[in-house]
Amino acid sequence: MKKFVVETYYTCSFKTIHTLDELNEGVLENLDTRSDGDVEVIEVKLNNRKTKKLGDSLDVSKKEDPKIKEKIEPQFPKKQVLKQFSDTKPANTQYNGKRIKMPDRRKGYIQKASIGEHKIYLHTGEYNDGKIGEIFIDTNKEGELVKALMNNFAIAISLGLQYGVPLEEFVDAFIDTKFEPSGKVDGNDRILSATSILDYVFRELAISYLGQEKLAHTPSINKNNSIVEDNEHEDKFLNIVKNITSKGFVRSNYKSKLVDLSDIRINLKSKS
């Protein structure tokens, strides 16, 4: 049998952390010559591979040559590389780098609220399955520059959602951002205060579409009822309600929004 050696080439990005007793120009000039820093691997990328033929007839039962094994193994700490790769989230195969456009006629809701004296209108758009795919943010008492920035920011978030970026990523990025206007929130039954407009917007989206009750300041009216998930055994009427109702508007609590009229009978008498 033929045997080959595969050489794998990596590009490793790392940073060196030095602890200094004092900070001045002399210490900074000699910083690169010091060997007492802590090295931390930031990113490891696979560049290419090369194959070398060792021989035409080698006994497979022979022990592996340690020199060959040393060539194949990358020359950097294994634990750090494995941790770096494990932290990488798998790509969403549903989107596969392609944009899934919103339907022409779509569901959604509008939430009006105010932070201080600033009114904010949050518009959402949903796919047919109830997943959020776009947002619009309107404000008053703001200059044209701020309005344009908020509108284009909403467009960027919408494009990210349509290309498969999970809403959770945006929530983690913008929750607790701090800038004015901030403070007390009026007009929203679940959010009482916010540190900025972005904090308020993504806190509202997380509660309505992700069911993250920990971000709300008031308890849910239907807190004992878990979020209804899609399955094959759901009631047909409930599925119809899901298809025509905004998931964000009812905050996934479809059952609590329904009125049971199954025991009510209406007698219609014709006039003589």
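Cut-off values and rules
- Numbering of residues starts from 1 in each chain and follows the order in which that chain's sequence is written.
- Predicted model: local features are reported for residues with pLDDT of at least 70 only, side-chain atom pairs are reported and counted for 80 or more only, and whole-chain, interface and lining totals are derived from all residues.
- Hydrogens and water are ignored here; the side-chain numbers use all heavy atoms of the structure.
- The numbering of helices and of strands both runs from the N terminus, where a helix is a DSSP run of H or I of at least 4 residues and a strand a run of E of at least 2.
- Relative accessible area decides the class of each residue, using a 1.4 Å probe on protein chains only: under 20% of the type maximum gives buried, over 50% gives exposed, and in between gives partly exposed.
- Working rule for contacts: check all heavy atoms of both residues, and any pair within 4.5 Å makes them a contact.
- The Shrake-Rupley method, run with a 1.4 Å probe, gives the accessible areas here. Residue values count only the displayed protein chains as cover.
- Take the number of residues in a helix, subtract one, and multiply by 1.5 Å to get its expected span.
- To define a nonpolar core, start from buried Ala, Val, Leu, Ile, Met, Phe, Trp, Tyr and Cys residues and group those joined through side-chain atoms within 4.5 Å.
- Between 30 and 60 degrees the pair is tilted, below 30 it is stacked and above 60 it is edge-to-face, where a pair is any two Phe, Tyr or Trp rings, Trp via its six-membered ring, whose centres lie within 6.5 Å.
- Asp and Glu count as negative and Lys and Arg as positive, but His and the ends of the chain are not part of the count.
- Should a side-chain nitrogen of Lys or Arg be within 4 Å of a carboxyl oxygen of Asp or Glu, the pair is scored as a salt bridge.
- Within 3.5 Å is the distance limit for a polar contact, defined as a pair of N or O atoms, with the added protein rule that one can donate a hydrogen and the other accept it, and that residues adjacent in sequence qualify only through two side-chain atoms.
- Here a strand pair is declared whenever DSSP counts at least two bridges between the two strands.
- Interaxial angle, 0 to 180 degrees, is taken between N-to-C directions of lines fitted to C-alpha atoms, where a helix line uses only the stretch in contact.

1. Considerations on the overall build of the protein chain
- Across its full length, the protein chain holds 9 helices and 7 strands.
- When each of the 272 residues of the protein chain is scored for burial, the buried share is 31%.
- Residue pairs in contact within the protein chain that sit at least 24 positions apart in sequence constitute 59% of those at least 6 positions apart.
- Carbon and sulfur atoms make up 52% of the accessible area of the protein chain, which amounts to about 19800 Å² in all.

2. Examining unusual backbone geometry
- With omega at 0°, the peptide bond leading from Glu-180 into Pro-181 counts as cis.
- Among the structural elements, Pro-181 can be located in the loop between helix H5 (167-174) and strand S6 (183-186).
- You will see that Asp-176, though not glycine, has its phi angle at about 70°, which is positive.
- Along the chain, Asp-176 falls in the loop between H5 and S6.

3. Here we look at helix H6 (residues 197-210)
- Between its first and last C-alpha, H6 extends 19 Å over 14 residues, near the 20 Å set by a 1.5 Å rise per residue.
- Across the 14 residues that make up H6, a large majority, 13, are buried.
- Downstream of H6 by one or two residues, Gly-211 has phi in the positive range, about 65°.

4. Re the nonpolar core
- One finds Ile-135, Ile-137, Ile-157, Tyr-200, Val-201, Phe-202 and Leu-205 to be the most contacted residues of the largest nonpolar core, which totals 32 residues.
- Looking at this core, the elements that each hand over two or more residues are strand S3 (110-115), strand S4 (118-126), strand S5 (132-139), helix H4 (144-162), H5 and H6.
- Contact partners of Ile-137, with chain neighbours within four places excluded, come to Ile-120, Tyr-121, Leu-122, Met-150, Asn-151, Phe-153, Ala-154 and Val-201.

5. Remarks on the packing of aromatic side chains
- All chains considered together, the criterion is met by 4 aromatic pairs.
- Residues Phe-153 and Phe-202 carry aromatic rings whose centres are separated by 6.3 Å and whose planes lie at 85° to one another, so their mutual orientation is edge-to-face. Within this pair, whereas Phe-153 is found in helix H4, its partner Phe-202 is found in helix H6, the two being separated by 49 residues in sequence. Residues Phe-153 and Phe-202 agree in their burial class; the two are buried.
- With 5.0 Å between their ring centres and 20° between their planes, Phe-174 and Phe-202 make a pair best called stacked. In this pair, Phe-174 sits in helix H5 while Phe-202 sits in helix H6, placing the two residues 28 residues apart along the sequence.

6. Description of the side chain of Glu-126
- Looking at the secondary structure, you find Glu-126 in strand S4.
- Comment: no salt bridge for buried Glu-126; closest opposite-charge side chain is Lys-107, at 4.5 Å.
- Within the local environment of Glu-126, its side chain forms a polar contact with the side chain of Tyr-209, the two groups lying 2.7 Å apart.

7. Structural notes on the environment of Val-171
- When you line up the elements, Val-171 lands in helix H5.
- On the basis of relative accessible area, Val-171 is assigned to the buried category, the value being 2%.
- Considered as a pair, Val-171 and Leu-198 are 27 residues apart in the sequence and their alpha carbons are 9.4 Å apart.
- Excluding its chain neighbours within four sequence positions, the residues that come into contact with Val-171 are Phe-202, Ala-206, Leu-210, Gln-212 and Leu-215.

8. Notes on the sheet that holds S5
- One open sheet holds the 5 strands; their spatial order is S5-S4-S3-S6-S7, and the pairing between them is antiparallel. One side of each edge strand has no neighbouring strand; the edge strands of this open sheet are S5 and strand S7 (193-194).
- In this structure, S3 lies alongside S4, joined through 6 bridges in antiparallel fashion. Residue pairing across strands places Ile-115 opposite His-118, the latter belonging to S4.
- Contacts from H6 reach S3, S4, S5, S6 and S7 within the one sheet, and its direction differs from that of S4 by about 40°.

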